There are 2 protein chains.
Amino acid sequence: MLSDAQDPAANLNADECWELLTGTAEGRLAVSVHNEPDIFLVEFRAQDGKILVRTPQGEMLVELTINPLVAFEVNGRSETSAWIVVVKGTARELQSWSEIDAAQQKAQRPWTATAKGSYVEIAPTRITGRRRPIAPQT
Amino acid sequence: MLSDAQDPAANLNADECWELLTGTAEGRLAVSVHNEPDIFLVEFRAQDGKILVRTPQGEMLVELTINPLVAFEVNGRSETSAWIVVVKGTARELQSWSEIDAAQQKAQRPWTATAKGSYVEIAPTRITGRRRPIAPQT
């Protein structure tokens with residue numbers, strides 16, 4: 001749904017961004033330690049205004065302990081358009097079993113059976129998204 | 001090609017990583033300004049030991065000027081496995097027309113016609129990759 005045919009890329013509002021996040025299960029989490037960026041592919045669920053990430057990667061957890069600021073990216077495409085949503089926010093590892101259990105129970109979609117690991121919750125401070133028509137394949 | 005059935009995720013060597021990078025055109029670039037991570041979806045070409053990124057996003061170029069350290073992520077999947085490659089390195093914007101022209105000429109695959117913008121070259125300092133079998137869909 002492009003709002004302006006003159007501008008091929010259209011900004012998405014917050015509701016549109018959340019709808020896309022809710023329908024997606026894989027994203028990339030960018031972190032920074034001592035101003036050195038790192039990036040991880042993660043499984044996630046968007047629910048209740050938060051992003052819940054599951055990761056087996058201890059390295060990511062260590063880096064988030066040093067600096068909890070994150071940028072989280074999800075993108076996808078239909079036959080006619082491509083979209084991207086970026087969430088900036090603060091991450092914290094869920095520590096207590098009750099929190100982890102609650103997060104698992106609340107997940108509207110089940111996690112994949114094979115993936116193991118810890119849970120990290122991102123509290124968003126800013127969400128932006130864009131959609132653009134896909135260029136004809138040459 | 002999994003080397004160890006006991007460990008479902010197998011590390012990829014540098015040649016395997018470059019082969020996957022060469023066969024892919026879209027990746028995510030993580031940057032950091034004042035220890036605050038940011039992330040961009042970009043079109044790229046891997047060639048001659050470098051990653052050449054094209055971006056219309058002035059914000060990314062500004063951030064790279066402040067801090068040239070980057071983490072670059074590409075992932076994909078076949079019917080039986082999923083893979084990820086992460087490149088750490090230093091980025092610089094190509095400034096001269098001769099450099100830009102040379103980069104465009106060298107590209108083994110054409111850039112998409114619609115995408116406009118500047119070119120950024122990443123000189124890798126570390127490349128890692130992993131491949132894992134895909135879990136059965138439940």
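Since the structure is predicted, the reported quantities are computational estimates derived from the model, not experimental observations.

Caption draft 1: Structural context of helix H1 (residues 14–22) of chain B. Residue and element names in this part refer to chain B. What H1 keeps buried is the set Cys17, Leu20 and Leu21. Taken around the axis of H1, the buried residues stretch over an arc of 100 degrees, which confines them to a single face. Projecting away from the buried face of H1 at angles above 90 degrees are the exposed residues Asp15 and Glu19. Where the residues of H1 are buried, they touch strand S1 (10–12), strand S3 (36–47), strand S4 (50–55), strand S5 (69–77), strand S6 (81–93) and strand S7 (118–133). Taking the backbone nitrogen of Asp15 as reference, a side-chain oxygen 3.1 Å away marks Asn13 as the first, capping residue of H1.

Caption draft 2: Structural context of the packing of aromatic side chains. All names here are of chain A. For the structure on display, the rule yields 2 aromatic pairs over all chains. Here the aromatic rings of Phe44 and Phe72 are separated by 4.9 Å at their centres, their planes lie at 75 degrees, and the arrangement is edge-to-face. A residue pair is termed long-range when its members are at least 10 positions apart, and Phe44 in strand S3 (residues 36–47) and Phe72 in strand S5 (residues 69–77) qualify at 28 residues.

Caption draft 3: Main features of the interface of chain A and chain B. Between chain A and chain B, the contact holds 27 residues from the first and 27 residues from the second. Between chain A and chain B lies a buried interface of about 2200 Å² when both sides are counted; carbon and sulfur atoms form 58% of it. On the surface where chain A and chain B come into contact, there are 14 residue pairs in polar contact (both at pLDDT 80 or more). For the side of chain A that touches chain B, the secondary structure elements donating two or more residues are strand S2 (26–33), S3, S5 and strand S6 (81–93) of chain A. Of the residues contributing to the side of chain A that touches chain B, the split by class is 13 nonpolar, 6 polar and 8 charged.

Criteria and thresholds
- Residues numbered from 1 in each chain as written.
- Chains lettered and ligands numbered in written order.
- Predicted model: local features only at pLDDT ≥ 70, side-chain atom pairs only at ≥ 80, totals over all residues.
- Heavy atoms only, no water.
- Buried < 20%, exposed > 50% of the residue type's maximum accessible area, 1.4 Å probe, protein only.
- Helix = DSSP H or I, 4+ residues; strand = E, 2+ residues; numbered from the N terminus.
- Arc of directions from axis to C-beta.
- Contact = heavy atoms within 4.5 Å.
- Polar contact = N/O pair within 3.5 Å; in protein donor to acceptor, adjacent residues only side chain to side chain.
- Phe/Tyr/Trp six-rings, centres within 6.5 Å; stacked < 30°, edge-to-face > 60°.
- Buried area = accessible area lost by both parts, 1.4 Å probe.
- Nonpolar A, V, L, I, M, F, W, Y, C, P; charged D, E, K, R; others polar.

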